[in-house]
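# Chain and residue survey
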Amino acid sequence: MTAEQRKRTIVDAAIVEFGAGGLDGTSAESIARRVRVTQPYIFRLFGTKKALFLACVEICFAETRDAFESAAAGKSGMDALKAMGEAYGELLQDRSRLKMQLQAYAACDDVDVRRLVRRRYGELVEFVEDVAGADAAQVSAFFATGMMLNVLAAADLLGAKEGWAARLLEGYGIPT
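Everything in this summary refers to the structure shown in the same document. Not measured: the values here are computed from a predicted model. (Residues numbered from 1 in each chain as written. Predicted model: local features only at pLDDT ≥ 70, side-chain atom pairs only at ≥ 80, totals over all residues. Heavy atoms only, no water.)

### With respect to the state of the cysteines
Defined as follows: Throughout, disulfides are identified as pairs of cysteine sulfur atoms within 2.5 Å of each other.
Using the criterion set out here, one finds zero disulfides in the structure. The cysteine Cys60 is free of any disulfide, with Cys56 supplying the nearest cysteine sulfur at 6.9 Å. The thiol of Cys108 is unpaired, and the distance to the nearest cysteine sulfur, on Cys60, comes to 13 Å.

### Some thoughts on helix α8 (residues 136-154)
What counts is decided by this rule: Helix and strand labels come from DSSP, where a helix needs a run of H or I of at least four residues and a strand needs a run of E of at least two; each type is numbered from the N terminus. How far a helix is expected to stretch is found by multiplying one less than its residue total by 1.5 Å. Exposed residues in this analysis have more than 50% of their type's maximum accessible area, buried residues have under 20%, and partly exposed residues fall in between, with area computed by a 1.4 Å probe over protein chains only. N or O atoms within 3.5 Å of each other form a polar contact, as long as, within protein, one can give a hydrogen and the other can take it, and as long as residues adjacent in sequence are counted only when both atoms are side-chain atoms.
An ideal rise of 1.5 Å per residue puts 27 Å on 19 residues; α8 measures up with 27 Å between its terminal C-alpha atoms. For α8, the full list of buried residues reads Val139, Phe142, Phe143, Gly146, Leu149, Asn150, Leu152 and Ala153. Two or three places before Ala137, at the start of α8, stands the capping residue Asp135, its side-chain oxygen 3.1 Å from that residue's backbone nitrogen. Where α8 ends, the next residue or the one after it, Asp156, has phi of about 55 degrees, a positive value.

### A short note on empty space enclosed by the protein
Cut-off, in case you're wondering: Whether a set of points on the 1 Å grid over the protein atoms alone is a cavity depends on a 1.4 Å probe fitting there but being unable to get out, while an open set qualifies as a pocket with protein on both sides within 12 Å along at least five of seven lines; lining residues are those with an atom within 4 Å of a point. Grid points are joined across faces, edges and corners, and a volume is the space filled by probe spheres set on the points. Three classes are used: nonpolar for Ala, Val, Leu, Ile, Met, Phe, Trp, Tyr, Cys and Pro, charged for Asp, Glu, Lys and Arg, and polar for all others, with Gly counted as polar.
Inspection of the entire model under this criterion finds one cavity of 30 Å³ or more. Here the largest cavity is characterised by a volume of approximately 90 Å³. Along its surface, the largest cavity is lined by Cys60, Glu63, Thr64, Tyr88, Leu91, Leu92, Arg97, Leu98 and Gln101. Of the residues in the lining of the largest cavity, the class split is five nonpolar, two polar and two charged.

### Focus: the nonpolar core
This is how the line gets drawn: The criterion is simple. A nonpolar core is a set of buried Ala, Val, Leu, Ile, Met, Phe, Trp, Tyr and Cys residues joined through side-chain atoms within 4.5 Å. The contact criterion used is simple: two residues touch if any of their non-hydrogen atoms lie within 4.5 Å.
In this structure, Phe18, Leu52, Met84 and Val128 are the most contacted members of the largest nonpolar core, which totals 55 residues. At 11 residues, helix α4 (residues 49-72) tops the list of elements feeding residues into this core. The residues contacting Phe18, other than those within four sequence positions of it, are Leu23, Thr26, Ile31, Lys49, Leu52, Phe53, Cys56, Met100 and Gln103.

### Thoughts on the packing of aromatic side chains
For clarity, the cut-off: Only the six-membered ring of Trp is used, alongside the rings of Phe and Tyr, when aromatic pairs are assigned; centres must lie within 6.5 Å, and planes under 30 degrees apart are stacked while those over 60 apart are edge-to-face, with the rest tilted. Charge-over-ring placement is defined geometrically: NZ (Lys) or CZ (Arg) within 6 Å of the ring centre, and within 35 degrees of the ring normal.
Taken as a whole, this structure holds six aromatic pairs when the rule is applied. Aromatic pair Tyr105 and Tyr121: ring centres 6.4 Å apart, planes at 80 degrees, arrangement edge-to-face. Of the two residues, Tyr105 is situated in helix α6 (residues 95-106) and Tyr121 in helix α7 (residues 111-132); the sequence distance between them amounts to 16 residues. Judged by centre distance (5.2 Å) and plane angle (85 degrees), the rings of Phe142 and Phe143 are edge-to-face. On the basis of relative accessibility, which here comes to 14%, the residue Phe142 falls in the buried class. With relative accessibility at 12%, the residue Phe143 sits in the buried group. By the ring-pair criterion, three or more aromatic residues cluster together here, those being Phe68, Tyr88, Tyr105, Tyr121, Phe142 and Phe143. Residue placement shows Lys7 over the ring face of Phe46; its charged tip is 5.3 Å from the ring centre.

### Things to note about the environment of Tyr88
You can see Tyr88 is positioned in helix α5 (residues 77-91). Among the residues examined, Tyr88 registers a relative accessible area of 9% and is labelled buried. Separated by 23 residues in the primary sequence, Tyr88 and Arg65 place their C-alpha atoms 9.7 Å from one another. Excluding residues within four positions of it along the chain, Tyr88 makes contact with Thr64, Phe68, Gln101, Gly146 and Asn150.

Structure follows, in structure tokens:
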């Protein structure tokens, strides 16, 4: 494996570990164990546990941006919004990425995490605004729906048959 491949393997493992335990509740040792490297090797590559966490946050936002770009290619307006929403629904199938995203928001008490999340979230908002040509209310509704879907996915309610959950999903146009 090249150094870059090894680094990506560590980030992928860290996404799983940080997703489960958060920034403060995850040890570099648990990440090292997952990929069968030493803890000093992780620190040699990333410097600190927080730097590795930030790398994980970057990857998750980049994956979301890439999914939005691919989905919206050649589309505009509501067609673009719909395509990006469907692409986001696909991303939510990866519970590790979903939990990492939620842990990133939870870690926003840390100034560096907050700065990164604000910058990357803002970039997503501006991308959606530009591609869709949507007004503020439509963009706000798009992101509000995404956040609600995060909650439903975290509670394993996507595709739920329970009355209230099914009705809520139906309201978002998501079949159960």
